[in-house]
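Spelled out from the first residue to the last, the chains are:
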Amino acid sequence: MDRQTVGSTNRGRLRVGVRTEGRSEVVTAAGELDHHTADLLRTPLDEALEQGRSRLVIDCSQLEFCDSTGLNVLLGARLKADAAGGGVHLAAMLPVVARVFEITGADAVFTVHDSLEEALAD
């Protein structure tokens, strides 16, 4: 399955990479997370949780945009991860994305780290 095009009407607007590092599943989102691309992130998050990987670290260092649909994908993953005894850690958010989380108050329900290294060390 080509994760760069599933559910997206605009190919390549969001690229998602997944790797396991220690006890964490690191999901890197690069580009724009919105209504058209949300499933590109939702699918690997759900797959990680289904495989018992409940500590999710989202590398946001290349995420340039996140709308309410993208925020809901992350909130949904957080609820599932918490229920499985894990959590969602957001790392290295660009200011434009961090602002969305601040405005909505979502930054209060996630563990937010300044860097990926910090998130992995936590």
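Everything numeric in this text was worked out from a predicted model, so none of it was measured.

A short note on the side chain of Thr-28
Thought 1: Mapped onto the fold, Thr-28 is located in strand E2 (residues 24-33).
Thought 2: The residues touching Thr-28, leaving out its near neighbours within four places in the chain, are Arg-15, Val-16, Gly-17, Arg-19, Asp-59 and Gln-62.

Structural notes on the side chain of His-113
Thought 1: When you line up the elements, His-113 lands in strand E5 (residues 111-113).
Thought 2: Classification of His-113 by relative accessible area gives buried; the value is 6%.

Concerning the pattern of salt bridges
Thought 1: The tally for this structure, following the rule as stated, stands at eight salt bridges.
Thought 2: Between Arg-13 and Glu-32 there is a salt bridge, with the nearest N and O atoms lying 3.0 Å from each other. Residue Arg-13 is found in the segment before strand E1 (14-21), and its partner Glu-32 is found in strand E2; the two are separated by 19 residues along the sequence.
Thought 3: For Arg-78, the salt bridge goes to Asp-82, with nearest N and O atoms at 2.7 Å. In this pair, Arg-78 and Asp-82 both sit in helix H2 (residues 68-83), four residues apart, roughly one turn of the helix.

As for the UniProt feature "domain: STAS" (unreviewed entry) in the chain
Thought 1: The UniProt entry lists residues 14-122 under the feature "domain: STAS" (unreviewed entry), expressed in the numbering used here.
Thought 2: End-to-end, the C-alpha atoms of residues 14-122 are 27 Å apart, and along that stretch the chain is 41% helix and 35% strand.

Examining unusual backbone geometry
Thought 1: Unusually for a residue other than glycine, Ala-92 sits at a positive phi of about 60 degrees.
Thought 2: For Ala-92, the location among the structural elements is in the loop between strand E4 (87-91) and helix H3 (95-104).

As for the sheet that holds E4
Thought 1: Read from one edge of the open sheet, five strands run E1-E2-E3-E4-E5, paired in mixed fashion. The sheet is open, and its two edges are formed by E1 and E5, each paired on a single side. Sheet twist, expressed as the average angle between the axes of neighbouring strands with direction ignored, equals 20 degrees.
Thought 2: As judged from the three bridges shared by E4 and E5, these two strands associate in the parallel manner. Note on E5: the bridge partner recorded for Leu-90 is Val-112.
Thought 3: The strands touched by helix H1 (residues 38-50) within the sheet are E1, E2 and strand E3 (55-66), with E1 carrying the most contacts at an inclination of about 15 degrees.
Thought 4: H3 rests against E3 and E4 of the sheet, and its axis sits at about 110 degrees to E3.

Some details on the nonpolar core
Thought 1: In this structure, Leu-41, Leu-45, Leu-74, Leu-90 and Phe-101 are the most contacted members of the largest nonpolar core, which totals 29 residues.
Thought 2: When residues of this core are traced back to their parent elements, those giving at least two are E1, E2, H1, E3, H2, E4 and H3.
Thought 3: Among the elements that take part in this core, H1 stands out by supplying six residues, more than any other.
Thought 4: If sequence neighbours within four positions are ignored, Leu-74 has contacts with Leu-33, Leu-41, Leu-45, Ile-58, Leu-90, Phe-101 and Phe-110.
Thought 5: Of all hydrophobic cores here, the second largest spans five residues; its members include Val-26, Val-57, Ala-91 and Ala-119.

The rules behind each value
Residues numbered from 1 in each chain as written. Predicted model: local features only at pLDDT ≥ 70, side-chain atom pairs only at ≥ 80, totals over all residues. Heavy atoms only, no water. Helix = DSSP H or I, 4+ residues; strand = E, 2+ residues; numbered from the N terminus. Contact = heavy atoms within 4.5 Å. Buried < 20%, exposed > 50% of the residue type's maximum accessible area, 1.4 Å probe, protein only. Salt bridge = Lys/Arg side-chain N within 4 Å of Asp/Glu carboxyl O. UniProt positions renumbered as here; feature names shortened; annotations may be inferred. Pairing = 2+ DSSP bridges. Axes fitted to C-alpha atoms, helices over the stretch in contact; angles between N-to-C directions. Core = buried A, V, L, I, M, F, W, Y, C linked by side-chain atoms within 4.5 Å.

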